[in-house]
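# Observations on the model geometry
One-letter residues, chain by chain:
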Amino acid sequence: MTETWVSTLAQGKADLERASTAQKVADMLRERVLDGELAPGLRLSEEAIGGALGVSRNTLREAFRLLTRDRLLVHEHSRGVFVRRPTGDDVRDLYAARRVIECGALAKWPDVDDLKRDAVRRPIEEATAHGAKEDWAKLGAANIRFHRGIVGLAGSHRLSEESDRLFAELMLAFRVVSDPKRLHMSYLPLNREIVELLNAGDVDGAIGKLRAYFDLAEADLVEQLASL
């Protein structure tokens, strides 16, 4: 009986290899979203991307399917695949998830090593440097790394992977708003205050500041999206 079902696995070997490659392609494209390189509304060319990566059309379409499931892409009939434009409802849902994940992870600060703490501290300096150059896309990417560092305090690969999906979707919302300077420069000081509270050992204060930050950022982003 065991030999029968094991032998049938070989029939799916090609599908497995294609799925594995498709996941890697999806991960690469998601990183481009996190880095601010893929803008909402951008049409993705199968020919260009497939040629650049050297993957088949079927593999690329599977990667697109995975990213559509993650709400990063949308398929429009007879028009193609586009980078998705998040809505106000998307933003509300994203921040509801972030409050649970990041506030819980921040409570782990006293228990982690300096490597994980530096993953929270370092992006603040990077964001400050990008802000001085008025490079808002890179500042936004540094902000995402700051929050990735917070999630990393939990020490859970599952939480980090899920949060990367949330962050990529949030980055798309950041790219839609008309005034990225106001959006990002308003919250960089709050991020710095969170780190200062953590360095001073006031973890509860940092969690409270993060919750206040989320409330403010959610309302601001929803308002800006509604005005477009």
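You'll find the structure just up there.
The notes below deal with the structure included here. Given the structure is predicted, the values throughout are model-derived calculations rather than measurements.

We now examine the overall build of the protein chain. What the protein chain contains, in helices and strands, is 10 helices and three strands. When its helices and strands are written in sequence order, the protein chain yields α-α-β-α-α-β-β-α-α-α-α-α-α. Looking at the protein chain residue by residue over its 228 residues, the buried ones come to 43%. Considering only contacts within the protein chain whose residues lie at least 6 apart along the sequence, 75% involve residues at least 24 apart. A total accessible area of about 12,100 Å² is found for the protein chain, and carbon and sulfur atoms account for 52% of it.

The next thing to look at is unusual backbone geometry. The phi angle of most residues is negative, glycine excepted, and most peptide bonds adopt the trans form. Residues other than glycine seldom take positive phi values, yet Arg-71 does so here, at roughly 65°. Within the fold, Arg-71 resides in the loop between helix H4 (57-69) and strand E2 (73-76). The partly exposed category is assigned to Arg-71, whose relative accessible area is 37%.

So, about the packing of aromatic side chains. For the coordinates displayed, the defined rule picks out three aromatic pairs. Consider the rings of Tyr-95 and Phe-214, whose centres lie 5.7 Å apart with planes at 70°: the pair is edge-to-face. A residue pair is termed long-range when its members are at least 10 positions apart, and Tyr-95 in helix H5 (residues 88-106) and Phe-214 in helix H10 (residues 203-226) qualify at 119 residues. Pair check on accessibility: Tyr-95 and Phe-214 agree, each one buried. Aromatic rings pair up to connect Tyr-95, Tyr-187, Tyr-213 and Phe-214 into one cluster.

With antiparallel pairing, three strands are arranged side by side in an open sheet as E1-E3-E2. A single partner strand is all that each edge strand has here, and the edge strands are strand E1 (43-44) and E2. Pairing analysis gives two bridges linking E1 to strand E3 (residues 80-83), with the strands arranged antiparallel. Residue Leu-44 lies in a different strand from E3, and its bridge partner there is Val-81.

Of all hydrophobic cores here, the largest spans 66 residues; its most connected members are Phe-64, Tyr-95, Leu-106, Val-120, Phe-174, Leu-198 and Leu-221. Here the element with the most residues in this core is H10; it accounts for 10 residues. If we skip the residues at most four places from it in the chain, Leu-106 touches Ile-150, Leu-153, Ile-194, Leu-198, Val-203, Ala-206, Ile-207 and Leu-210.

As a further point, take the pattern of salt bridges. Enumeration according to the criterion identifies 24 salt bridges in this entry. Across the pair Glu-76 and Arg-79 runs a salt bridge whose closest N-O atoms are separated by 2.2 Å. The exposure class of Glu-76 is partly exposed, given its relative accessible area of 28%. Here Arg-182 makes a salt bridge to Asp-220, at a shortest N to O gap of 3.1 Å. Here Arg-182 is found in helix H9 (residues 180-199), whereas its partner Asp-220 is found in helix H10, with 38 residues between them in sequence.

Turning next to H9. Over its 20 residues, H9 extends 29 Å from the first C-alpha to the last, a length consistent with the 28 Å expected when each residue adds 1.5 Å. Inspection of H9 places Leu-183, His-184, Tyr-187, Leu-188, Leu-190, Asn-191, Ile-194, Val-195 and Leu-198 among the buried residues, and these make up the whole buried set. Summarising the contacts, the buried residues of H9 are in contact with H5, helix H6 (114-132), helix H7 (136-152), helix H8 (157-176) and H10. Positive backbone phi, approximately 85°, marks Gly-201, located one or two places after H9.

The next point concerns the packing of H6 against H7. It is the contact of H6 with H7, at a shortest axis distance of 8 Å, that shows an interaxial angle of 170°. When the axes of H6 and H7 are compared, the pair comes out roughly antiparallel. Contact residues: Lys-116, Ala-119, Val-120, Pro-123, Ile-124, Glu-126, Ala-127, His-130 and Gly-131 in H6; Trp-136, Lys-138, Leu-139, Ala-142, Arg-145, Phe-146, Gly-149, Ile-150 and Gly-152 in H7. Its residues assigned to classes, the contact of H6 with H7 comprises 10 nonpolar, four polar and four charged.

Attention shifts here to the pairing of E2. Taken residue by residue, a regular strand's side chains alternate between the two faces of the sheet. Here four bridges tie E2 to E3, and the two strands are oriented antiparallel to one another. Across the sheet, Glu-76 pairs through a bridge with Gly-80, a residue of E3. Between the end of E2 and the start of E3, which pair antiparallel, lie three residues, with Ser-78 showing a positive phi angle near 65°.

What counts and what doesn't
- Residues numbered from 1 in each chain as written.
- Predicted model: local features only at pLDDT ≥ 70, side-chain atom pairs only at ≥ 80, totals over all residues.
- Heavy atoms only, no water.
- Helix = DSSP H or I, 4+ residues; strand = E, 2+ residues; numbered from the N terminus.
- Buried < 20%, exposed > 50% of the residue type's maximum accessible area, 1.4 Å probe, protein only.
- Contact = heavy atoms within 4.5 Å.
- Areas by Shrake-Rupley, 256 points an atom, 1.4 Å probe, with all protein chains shown as cover.
- Phe/Tyr/Trp six-rings, centres within 6.5 Å; stacked < 30°, edge-to-face > 60°.
- Pairing = 2+ DSSP bridges.
- Core = buried A, V, L, I, M, F, W, Y, C linked by side-chain atoms within 4.5 Å.
- Salt bridge = Lys/Arg side-chain N within 4 Å of Asp/Glu carboxyl O.
- Expected span 1.5 Å × (residues − 1).
- Axes fitted to C-alpha atoms, helices over the stretch in contact; angles between N-to-C directions.
- Parallel < 35°, antiparallel > 145°, perpendicular 65-115°, else oblique.
- Nonpolar A, V, L, I, M, F, W, Y, C, P; charged D, E, K, R; others polar.

In short, the description is geometric, and any link to function would need to be established separately.
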